[in-house]
Amino acid sequence: MTKANTIYVCQQCDWKSSRWVGRCGNCGQWDSMVEETFTPSKHETRNTKLETPQPISKIQMAAVPNIKTSVEEFDRILGGGVIAGSVVLIGGPPGIGKSTLLLQICNQLGLQGHTSLYITGEESLTQVKLHAERLAVKSDNVLVVSETNVDAILEYIKNTKPTIAVIDSIQTMYNPVLESVPGTVSQVRECANQLVQVAKNTGTTVFLIGHVTKQGVIAGPMVLEHMADTVLYFEGDNFQFFRILRAVKNRFGPTNEIGIFEMCNDGLKPVSNPSEIFLSHSRGTLQRASTGSGVISCIEGSRAFLVELQALVTRTSFGVAERKVNGVDYNRVSMLVAVLEKRAGLQLGGQDIFVNVVGGVKVDEPASDLGIAMTMASSFLEKPIPSDTVIIGEIGLGGEVRGVSQIETRLKEAQKLGFKRAILPDTDKQVCPCHPALELIKITHISEALESLK
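Calculation notes
Residues numbered from 1 in each chain as written. Predicted model: local features only at pLDDT ≥ 70, side-chain atom pairs only at ≥ 80, totals over all residues. Heavy atoms only, no water. Helix = DSSP H or I, 4+ residues; strand = E, 2+ residues; numbered from the N terminus. Buried < 20%, exposed > 50% of the residue type's maximum accessible area, 1.4 Å probe, protein only. Contact = heavy atoms within 4.5 Å. Areas by Shrake-Rupley, 256 points an atom, 1.4 Å probe, with all protein chains shown as cover. Salt bridge = Lys/Arg side-chain N within 4 Å of Asp/Glu carboxyl O. Pairing = 2+ DSSP bridges.

Q: Could you give an account of the overall build of the chain, naming the residues involved and the relevant values?
A: Helix and strand counts for the chain come out as 12 helices and 23 strands. Per-residue burial for the chain yields a buried fraction of 48% across its 454 residues. At a minimum sequence separation of 6, the contacts of the chain that also span at least 24 residues come to 67%. Total accessible area on the chain is roughly 22,500 Å²; 50% of this is exposed by carbon and sulfur atoms.

Q: Go over the pattern of salt bridges with me, naming the residues and quoting the values.
A: Per the counting criterion, the structure on display carries 15 salt bridges. A salt bridge links Asp229 to Lys200, with the shortest nitrogen-to-oxygen separation between them at 2.7 Å. Of this pair, Asp229 sits in the loop between helix H6 (223-227) and strand S11 (230-235) while Lys200 sits in helix H5 (residues 185-202), placing them 29 residues apart in sequence. Among the ionic pairs, Arg332 bridges to Asp369, the shortest N-O distance being 2.5 Å. With Arg332 in helix H9 (residues 330-344) and Asp369 in helix H10 (residues 369-381), the pair connects residues that are 37 residues apart, well separated along the chain. Taking relative accessible area as the criterion, Arg332 reaches 26% and is therefore assigned partly exposed. Salt bridges linked by common partners bring Glu73, Arg76, Glu257 and Arg303 together as one network.

Q: A description of the pairing of strand S13 (residues 258-264) should follow, citing residues and the corresponding values.
A: Regular strands place their side chains on alternate faces of the sheet. Here strand S12 (residues 242-250) runs beside S13; their pairing, made up of five bridges, is antiparallel. Bridged to Arg246 within S13 is Ile258. Where S13 and strand S14 (residues 267-270) come together, four bridges link them in antiparallel fashion. Looking across to S14, one finds that Cys264 is bridged to Gly267. Here S13 folds back onto S14, and the loop between the two strands holds two residues.

Here it is, written out as structure tokens:
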């Protein structure tokens, strides 16, 4: 008989050790080694017939239908709809709305006549029913079962042949062949691999709900994300009504695409115009302006939307000035403070600086540099930025304002919301179309942008 062995496996990177160690020798994570028992399998000679390699130009394309879910934000993230036979991994903090969204998707597909199989490993059927009643999920095409054995789950999928199957969550599933507990690297990897295979063989779209670690990444081995066709992350917190669903990997559509939802009592509702929710009431009506506040245009995937930036610059009461940011990169703000001091002559060394993005959205593209710099200068100089002005541009270390991508898309969004002016880079390589409703203020240096302040 084959002898069972005991090894210790890192739950972060799948590194193995014959003895327990306090720190992983590969990724350096502390207290991540878990004891697992495995039985070495005998290698058998492959008797199946091998396929003949063929030129890529000769491969016949099979029609892969896109199934619309009637939730436009969700369909756009997936690349036009649910792809048959694909595997979608959704991660996010507890309570952010992963199960809520997928129950609503199951209901929408059920109303169209598609069968959905919701497999829960964390709740009883009664708990799922209570959740579904709050979301008004009443379609008879939504099948629910409570199971954690992956072999039984595969049989359910093969017998019912659903359009989509939801696994809530992958960390609760286990393979009885493995002796390790559910949630370990071996169990997550093996269960996910079997679910991927059944998705490809049957054409059922499998949605995997994944837990996240305290660092905000999906728990388990990184191979879990490699196996999935699409990886989605929920962003937001319990203090915000809005949830952002971001695609970080997609084999069937653009990456870095986002969908914005509003959490209501009856579930998640898609937000069709995100620019309006990220602008304050006074900014949206364009009636008045305050110091340290400005509007920038951001690009996420194929969508442009406007967000409001706020900055507060005040004389420090302590020996060392504070720098606090929310929604933007801290290092980027520090660089812009240095550029304002060196290239624009603003003495910000003894000032506390606070930068915030309204609405809880995170902005990480360089096109927001000019907006961040101008809001800080506006607060420091006590000169407001005109409320009908949108700011676009990247700043270099020499204080020069550089061009950004998709300028046409950004300006169309600003014009649609009633903005009258746009401060943007003046570069020879960037051809900016004419917008009759927008006054284009083209600048080449940060000092020119500060001159536009009242």
